[in-house]
Amino acid sequence: MSINRRQLLTAGAGLMAFPLSGLSGALTTDSTDSYYHQFHRALQQRPWLSAYQSVKQHSYSSQARISGVWPADLRGTLYRNGPAQHEIGSFRYQHWFDGDGMLQAFRISDGGVTHQAKMIATEKYIAESAAQRALYPTFGTVPPNPAAVISPDAVNVGNISVLPHHGKLLALWEAGSAWEMDADSLDTKGTYAFSDNMRGVPFSAHPRIESDGTLWNFGYLSSAGLLVLWNIDATGKLVKAGKVKVDPMTMPHDFVVTEKHIILLLPPFHYETRAQGAFIDRHQWNADQATRVVVISKQDFSVQKWLDLPAQWVFHFSNAWEDRSGTIRFQGVRYTSPNIMSKDFRDIMRGDWVNAADNAGQLYEYTINTKNWTVSETALWSANVAAEFPTIDPRVSCQQHRRIVMLTGDTMKRSPHSYSGLNEVSVANLESGERQFYRYADSQIPEEHLFVAKSGSRAETDGWLLGTVHDWVKQATLLNVFDINSVDAGPIAQAALPYALPLGLHGKFVEG
Ligand SMILES: [Fe+2]
């Protein structure tokens, strides 16, 4: 089933994952300035909350201070994205995912490591910077006297991830267009369209790229009850697009792709067409209903199998692959509910202490038998090992992977009122079942870590681990390098920035 933009419109679909009506005068239950004052009071008591402070500048630039011995053959650029401007004046957003995006580049060369960061100049960011106030509703906040939203990209903050592909650098959101960025200056060029007839159609933040550069992605249109599927070749040309009707609609964040199939989990966090308030508040968690699993043929999007799992929420998957017998395997970080998103990521914006153990994610393996079309799930580790941000060696994307890099934390060792989130980086060996990890100092809050392959090597055992931490004592963001085979020995080198940036979301490494 292929689609174009005209068909979406004529189907009454519209293009809005974000609803465009019913916001006038609507406010969330807390007064809008209380988040600002509560957070800044809490910051005095809990200095690690600096990880959720708003950035103080539009852009940053520095030469990092290196310690340890940086590997001579680790050269390239780590791009990262994430919500960064959480406040405008004395107005503070009420959800971690609301903040306007900031793109960062850590450039690693023989001359050392330089850092550059710049706010993504979205239409919303430009308009609100000029107005000096929050104008538009966001994922989790409706500001006072919100302006009318005339298109999804009018509220597209581009703050989730980054995609280097076919010579372009794109900043990704979930419910709107990609933003084309200048890879050298980090300036924003504007929204990017893979083809004219798909302009403005949502392109979400976790595309899957095969080893030949073939790209698969999805987008969702909540009010239309549609998933959109994208297939793009290595040159950036749209090969085909499709749509899948989903009723009731939900909010998928990630998906997986194998040699033959596209797989999405659709949790029972249902979009309520007539609900009011911020986008997330228009969703209802129905714990008594299934998480639907849809398995779609890459060849023919109309060939679909629908399966059921118990109610669960998954932000992120590792990677999927399909063996010769037709068995699909992938791992995901499974939550029993979306409370981490609907509650914890609000509470943290007020500076409340959040006990991560209450809503911890756990690494599960999912198996789909494509002969008899059954799905099963099993926990890989004990319930007290919390996990998030699973990543793999990108060279084995959509094929068999044997290692997963991820952040972890022991939920049994939380001390009340100290930082309670993930504090380790782990490498899981899926063949042996072993997990090797490094626990960061109490002053350091890790962000997503990536597997970086050694040039010329083909093995998943030959590479580095590259990842940042927010050090709230030093007030510095630190880039760490580990040997992938001895993560537990700690970083072999570190590049320290002379400032600390708020916690971001996802990144990508480009060799060279
Ligand atoms: Fe994500």
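This text goes with the structure placed above it.
Model, not experiment: these values are computed from the prediction.

Rules used in this analysis
Residues numbered from 1 in each chain as written. Predicted model: local features only at pLDDT ≥ 70, side-chain atom pairs only at ≥ 80, totals over all residues. Helix = DSSP H or I, 4+ residues; strand = E, 2+ residues; numbered from the N terminus. Rg over C-alpha atoms; globule rule 2.2 N^0.38 Å. Buried ≥ 20, exposed ≤ 12 C-beta atoms within 10 Å, placed from the backbone. Contact = placed C-beta atoms within 7 Å. Pairing = 2+ DSSP bridges. Axes fitted to C-alpha atoms, helices over the stretch in contact; angles between N-to-C directions. Arc of directions from axis to C-beta. Expected span 1.5 Å × (residues − 1). Core = buried A, V, L, I, M, F, W, Y, C linked by C-beta atoms within 7 Å.

A.B. asks: Explain the overall build of the chain to me, please; I cannot follow it from the model alone.
C.D. replies: Across its full length, the chain carries four helices and 34 strands. Scaling as 2.2 N^0.38, a compact globule of 512 residues should have a C-alpha radius of gyration of about 24 Å, and the chain matches this with 21 Å. Its C-alpha atoms give the chain principal-axis dimensions of roughly 60 × 55 × 45 Å. Among the 512 residues that make up the chain, the fraction classed as buried is 50%. The contacts in the chain between residues at least 6 apart in sequence include a share of 61% that link residues at least 24 apart.

A.B. asks: Could you clarify how one ought to interpret the pairing of strand 13 (residues 215–221) in this entry?
C.D. replies: It is a general feature of regular strands that their side chains alternate between the two faces of the sheet. Of all seven residues in strand 13, six are buried; the element is thus mostly enclosed. Of the strand pairs in this sheet, strand 12 (residues 208–209) and strand 13 are connected by two bridges, and their pairing is antiparallel. In the strand pairing of strand 13, R208 is matched with W216. Counting the residues between successive antiparallel strands, the hairpin from strand 12 to strand 13 contains five residues, one of them, G213, with a positive phi of roughly 95 degrees. Bridge count for strand 13 against strand 14 (residues 226–232) is seven bridges, and the pairing is antiparallel. When the sheet's bridge partners are listed, F218 is paired in strand 14 with L229. Between strand 13 and the antiparallel strand that follows it, strand 14, lie four residues; G225 among them carries a positive phi value of about 65 degrees.

A.B. asks: So what exactly am I meant to see when it comes to the sheet that holds strand 8 (residues 161–165) here?
C.D. replies: The strands making up a sheet associate through hydrogen bonds between their backbones, and the pairing can be parallel or antiparallel. If you trace the four strands from one edge of the open sheet to the other, you get 8-9-10-11, paired in antiparallel fashion. Lying at the two open borders of the sheet, with one neighbouring strand each, are strand 8 and strand 11 (188–192). Direction aside, the axes of adjacent strands within the sheet are offset by 30 degrees on average. As paired elements, strand 10 (residues 178–181) and strand 11 share four bridges and run antiparallel to each other. Bridge pairing in strand 11 places M181 opposite T188.

A.B. asks: Quick question: what am I supposed to make of the environment of Y220 here?
C.D. replies: As for its position among the elements, Y220 is in strand 13. Take Y220: there are 24 C-beta atoms within 10 Å of it, and that puts it in the buried class. Distance from Y220 to P146, taken between C-alpha atoms, is 24 Å for residues 74 residues apart in sequence.

A.B. asks: What exactly am I supposed to notice about the sheet that holds strand 26 (residues 385–391) here?
C.D. replies: Pairing within the open sheet is antiparallel, and its four strands lie in the order 26-27-28-29. Edge positions in the open sheet fall to strand 26 and strand 29 (435–439), since each of these has one partner strand only. Ignoring strand direction, the axes of neighbouring strands in this sheet form an average angle of 30 degrees. Relative to strand 28 (residues 424–429), strand 27 (residues 403–410) runs antiparallel, the two sharing six bridges. When the sheet's bridge partners are listed, L407 is paired in strand 28 with V425.

A.B. asks: Where do I start with unusual backbone geometry in this structure?
C.D. replies: The general pattern is negative phi for most residues beyond glycine and trans for most peptide bonds. In this model, D247 is joined to P248 through a cis peptide bond whose omega is 0 degrees. By the secondary structure assignment, P248 is in the loop between strand 15 (238–245) and strand 16 (256–257). Phi at F389 is positive, roughly 50 degrees, even though this residue is not glycine. For F389, the location among the structural elements is in strand 26. We classify F389 as buried; it has 22 C-beta atoms within 10 Å.

A.B. asks: It is not clear to me how helix 3 (residues 123–131) should be interpreted in this structure. Could you clarify?
C.D. replies: Every α-helix carries 3.6 residues per turn, so stepping three or four residues along brings you back to the same face. If you check which residues of helix 3 are buried, you get K124, Y125 and E128. All buried residues of helix 3 project into a common sector of 95 degrees when viewed along the axis, lining one side. Among the exposed residues of helix 3, those oriented more than 90 degrees off its buried face are I126 and A130. Where helix 3 terminates, the next one or two residues include Q132, which has phi positive at roughly 60 degrees.

A.B. asks: Mind showing me how you'd approach helix 4 (residues 339–350) here?
C.D. replies: Between its first and last C-alpha, helix 4 extends 16 Å over 12 residues, near the 16 Å set by a 1.5 Å rise per residue. Burial in helix 4 covers these residues: M341, D344, F345, R346, I348, M349 and R350. Contacts made by the buried residues of helix 4 are with helix 2 (34–45) and strand 5 (91–92). Of the residues one or two after helix 4, G351 is the one with positive phi, at around 85 degrees.

A.B. asks: What exactly am I supposed to notice about the nonpolar core here?
C.D. replies: Most often, soluble globular proteins have nonpolar side chains that are buried together. If you look at the biggest cluster of nonpolar residues, it comprises 136 residues, and the most contacted ones within it are L172 and L465. Ignoring anything within four residues of it in the chain, the contact list for L465 reads V405, V425, V427, H449, F451, F482, I484 and V487.

A.B. asks: Whenever I open this one, the environment of I263 confuses me. Can you help?
C.D. replies: Mapped onto the elements, I263 comes out in strand 17 (residues 261–266). The contacts of I263, once residues within four sequence positions are left out, are F255, V256, V293, V295, A320, I328 and I368.

A.B. asks: Before we go on, may I ask you to explain the environment of M102 in this structure?
C.D. replies: Position of M102 among the secondary structure elements: in strand 6 (residues 100–109). Remark: the alpha-carbon pair of M102 and A171, spanning 69 residues in sequence, is separated by 9.3 Å. Beyond its immediate chain neighbours, meaning those up to four positions away, M102 contacts V55, G82, A84, A117, K118, M119 and I120.

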